[in-house]
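# Understanding the architecture of this molecule
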Amino acid sequence: FGTEKSWKNICKKIKSSNKSEKKFILENFKIKKLSDLNGLLTGYYEPEIKVSFKRDEIFKFPILKYNEKYKNIPRKKIENSFYSKDVLLWTNNKIELFFLQIQGSGIGVLPNKRIIKIAYGGNNNEKYTSIGKLLKKSELSGKEINLFTIKKFLYENPKKVEKILHANKRYIFFKIKNKDPKKKGPVGSYGVNLVKNISMAIDKIYYPLGIPMLIKLIDKNLSIPALALDTGSAIKGVNRADLFTGSGEKAGNIAGTLKEKVLLYTLIPSR
């Protein structure tokens with residue numbers, strides 16, 4: 001994927017270049033493809049969730065901070081035996097909390113409408129299981145599976161919610177960040193703020209974080225630029241990626257239905 005020296009040279013050129021982006025890329029980069037086998041592009045976003053610092057009859061589901069004692073403890077047991085000292089916030093909706101954990105970060109809206117940033121704070125080191133795949137094999141067999149059809153099923157079948165959610169033993173913990181919660185996107189695995197429609201999660205077994213990439217949308221015969229700035233427990237494979245679509249409801253609508261056959265290319269300094 002290029003040497004340290006070649007990347008430093010590219011960075012120096014970018015700072016001083018007055019050429020168009022396209023011309024600069026064509027003159028200074030080559031592309032590399034690891035596999036010809038079509039993969040999948042999905043989307044993720046930063047959701048909003050109602051929260052409170054106090055527990056009451058409405059806000060009764062805990063959002064927890066990381067504690068080493070939860071390591072290798074499955075979701076069900078954590079929910080039934082968490083330590084009160086580890087509660088960051090309370091929320092009013094168990095389903096929305098689950099999807100906050102799937103997305104990895106979000107924006108908390110307090111009763112007084114003040115907002116706070118809820119950032120990823122670790123996990124319990126248990127296996128991630130897609131409830132979408134489970135529902136496709138059973139309850140939603142033959143139907144389209146996306147964020148909205150999964151949520152619709154859960155809301156319409158409250159008695160089945162706990163059993164379905166507990167099938168995913170992975171549990172995500174959070175921390176609170178109060179600085180400019182609406183101004184910047186969440187921080188990805190690379191340590192920088194994610195930018196909508198540019199930042200994406202990849203499998204770092206195959207690609208280094210920070211590398212620029214091209215996503216080729218097979219059915220649309222279109223290639224779009226992206227930066228590999230994040231990872232995800234469900235993002236496994238050479239041609240598997242998750243594109244960050246932004247924050248809030250509109251971003252969620254895009255992420256919830258994004259499914260494209262893709263090939264991934266990396267941009268590497270040509271000299």
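Presented here is a report on the structure given in the accompanying data block. Because the structure is a prediction, the values reported are computed rather than measured.

Here is what the cut-offs are and how they apply
Residues numbered from 1 in each chain as written. Predicted model: local features only at pLDDT ≥ 70, side-chain atom pairs only at ≥ 80, totals over all residues. Heavy atoms only, no water. Pairing = 2+ DSSP bridges. Helix = DSSP H or I, 4+ residues; strand = E, 2+ residues; numbered from the N terminus. Axes fitted to C-alpha atoms, helices over the stretch in contact; angles between N-to-C directions. Contact = heavy atoms within 4.5 Å. Patch = residues over 30% accessible without salt bridge, like charges linked within 9 Å, V, L, I, M, F, W, Y side chains within 5 Å. Areas by Shrake-Rupley, 256 points an atom, 1.4 Å probe, with all protein chains shown as cover. Salt bridge = Lys/Arg side-chain N within 4 Å of Asp/Glu carboxyl O. Buried < 20%, exposed > 50% of the residue type's maximum accessible area, 1.4 Å probe, protein only.

Turning our eyes to something else, we now look at the sheet that holds strand β4 (residues 61–64). Spatial strand order, β4-β5-β3-β6-β7-β8: six strands in an open sheet with mixed pairing. The strands lining the two open edges of the sheet, one partner per strand, are β4 and β8 (172–177). Mean inter-strand twist for the sheet, computed between neighbouring axes without regard to direction, equals 45°. Two strands pair when backbone bridges link them, and strand β6 (residues 106–109) and strand β7 (residues 115–123) are joined in this way by four bridges, in the antiparallel orientation. By the bridge assignment, I107 is partnered in β7 with K117. Along the sheet, helix α4 (residues 94–103) contacts β3 (48–52), β4, β5 (87–91), β6, β7 and β8; its crossing angle with β4, the most-contacted strand, is approximately 15°.

Moving on, we come to a nonpolar patch on the surface. A surface patch of nonpolar side chains, amounting to about 370 Å² of accessible area, comprises F1, L34, I205 and Y206. Relative to the helices and strands, F1 is located in the segment before α1 (4–16). Assessed through its relative accessible area of 32%, F1 is described here as partly exposed.

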